[in-house]
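Below are the chains, spelled out letter by letter.
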Amino acid sequence: MASQGHCLRYEGCNFFRQRLVLATLSGRPVKILKIRVKDESPGIRDFEASFIRLMDKITNGSRIEINETGTSLYYQPGLLFGGTLDHDCSVQRSIGYYLESLICLAPFMKHPLRITLRGVTNDQIDPSVDTLKATAIPLLKKFGIDGEYFELKIVKRGMPPGGGGEIFFSCPVRKVLRPVQMTDPGKIKRIRGVAYSVRVSPQIGNRIVESARSILNNFLPDIYIYTDHLKGANSGKSPGFGLSLVAETTEGYVISAELASNPQGQGAAILPEDLGKNCAKLLLEEIYRLEKIK
C-alpha cells in the first residue's frame, strides 16, 4: 500500500470489498489501479460492479469513477445513510459476499438499515446466509447490537447458477459498541445445523441429516439438525442442496462449517450422504483447530 496525500492508493483486485468498506468507515477516498490488467478479460467483474452499486445505495454523496477498461476505480465515500433499500446481487457470487460487508457497515448508518437482497443464497465460494445468521448475528449481539429491528431472514432460497433467492436484513444504529473480550474458547456443548434442499426430492434433506449425525453422534449427544425444503416460488431457479453446521461452546464461541452441492451442469454429482459426512468432518476439523489454540 502506498498513500499519496489524502487519497489511499492500491493496486490489484485483492481485498476489494475490505478496501471500500474501510474507506467508507474512515471517510477517506481510495483509488485502486491495475485491476486484473494481465487477465484475458481485464477490469472489475460483474459481482464487483454490483458491490459498488450497493455501496452507492447505502451511502449519500459518494463519488465513483471507473475508467473505460474497468482497470481503475476511484471511490470517494459519502455519508452512510441507510434506510429501506433493495438490491439485486450478481449471481456470480452469493448474497453472503455482499452481506459480510453490510454487517460491518450497518450499525454506523444515519438511519436504521432495512434491505432486501436477491440472488444466490448458498454456494461453494462465500459464506451462506445460514452460516452468517448463526455466527455473525450472535457476535454482533455481544457488541451490543440487538433489538426488535435486528433481523436476518431467508425469504427464498436460490442456488447457482440461476439464483432466485431473497433475504431480508435489518439492523439498528449504534453510536457506541460494547467492548468484547474472548480469550477462553471453552468446551463444545452443542451442535446445530440446517440441511436445505430446493427443487429436489424432500428426502435428500433427511439423508444429509442422518449421514452427518452418524459422524457427530460419536462425540456429542446434543445435536439437532433441522431440514429446510422449499418448493414453488420460494425455491429459486436452480436445483441444489447443502448443509450448514454450527458448534457452540460453553463460553459463547461459535464455530461453523458448510458444504453445498455442485451447481447444475457443473462438476460431478455428489451424494447427499457424502455431503453430510464431509461437512461433519469439516466441523470436527474446525473444532480441532480451536482446541490447538488453547
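Located above this text is the structure these notes cover.
Below is a summary of the structure that appears in this document. In this text, all values refer to a predicted model and were calculated from it rather than measured experimentally.

## A short note on the pattern of salt bridges
- Inspection of every chain in the model, using the stated rule, returns 16 salt bridges.
- Of the charged contacts, one joins Asp-130 and Arg-157 as a salt bridge, the two residues approaching to 2.8 Å between their closest N and O atoms. Pair noted here: Asp-130 is in helix 4 (residues 129–142) and Arg-157 is in the loop between strand 10 (151–156) and strand 11 (165–171), with a separation of 27 residues, a long-range link.
- On the accessibility criterion, Asp-130 (8% relative accessible area) is buried.
- Arg-192 serves as the salt-bridge partner of Asp-222, at 3.1 Å between the closest nitrogen and oxygen.

## Things to note about the sheet that holds strand 13 (residues 223–230)
- On the basis of which strands lie adjacent, the open sheet formed by four strands has the order 13-12-14-15 and mixed pairing. Of all the strands in the sheet, the pair left with one neighbour each is strand 13 and strand 15 (254–260). Each strand of the sheet is rotated relative to its neighbour by a mean of 15°, with strand direction disregarded.
- Two elements, strand 12 (residues 188–198) and strand 13, share eight bridges in a ladder whose sense is parallel. Following the sheet pairing, Ala-195 is matched in strand 13 by Thr-227.
- Relative to the sheet, helix 4 contacts strand 12, strand 14 (240–249) and strand 15, its axis offset from that of strand 15 by approximately 175°.

## Topic: the sheet that holds strand 8 (residues 82–88)
- If you walk across this open sheet you meet the four strands as 8-9-11-10, and the pairing is mixed. Edge strands, defined here as strands with exactly one partner in the open sheet, are strand 8 and strand 10. Adjacent strand axes in the sheet meet at a mean angle of 10° when their direction is disregarded.
- In this fold helix 3 (residues 95–105) packs onto strand 9 (111–119), strand 10 and strand 11, with an angle of close to 170° to the strand it touches most, strand 9.

## Examining the packing of aromatic side chains
- Applying the stated criterion to the full structure yields four aromatic pairs.
- Their ring planes at 80° and their centres at 5.1 Å tell us that Tyr-97 and Tyr-98 sit as a pair that is edge-to-face.
- Its end group placed over the ring of Phe-47, Arg-93 keeps NZ or CZ at 5.0 Å from the ring centre.

The rules behind the values
Residues numbered from 1 in each chain as written. Predicted model: local features only at pLDDT ≥ 70, side-chain atom pairs only at ≥ 80, totals over all residues. Heavy atoms only, no water. Salt bridge = Lys/Arg side-chain N within 4 Å of Asp/Glu carboxyl O. Helix = DSSP H or I, 4+ residues; strand = E, 2+ residues; numbered from the N terminus. Buried < 20%, exposed > 50% of the residue type's maximum accessible area, 1.4 Å probe, protein only. Pairing = 2+ DSSP bridges. Axes fitted to C-alpha atoms, helices over the stretch in contact; angles between N-to-C directions. Contact = heavy atoms within 4.5 Å. Phe/Tyr/Trp six-rings, centres within 6.5 Å; stacked < 30°, edge-to-face > 60°. Lys NZ or Arg CZ within 6 Å of the ring centre and 35° of its normal.

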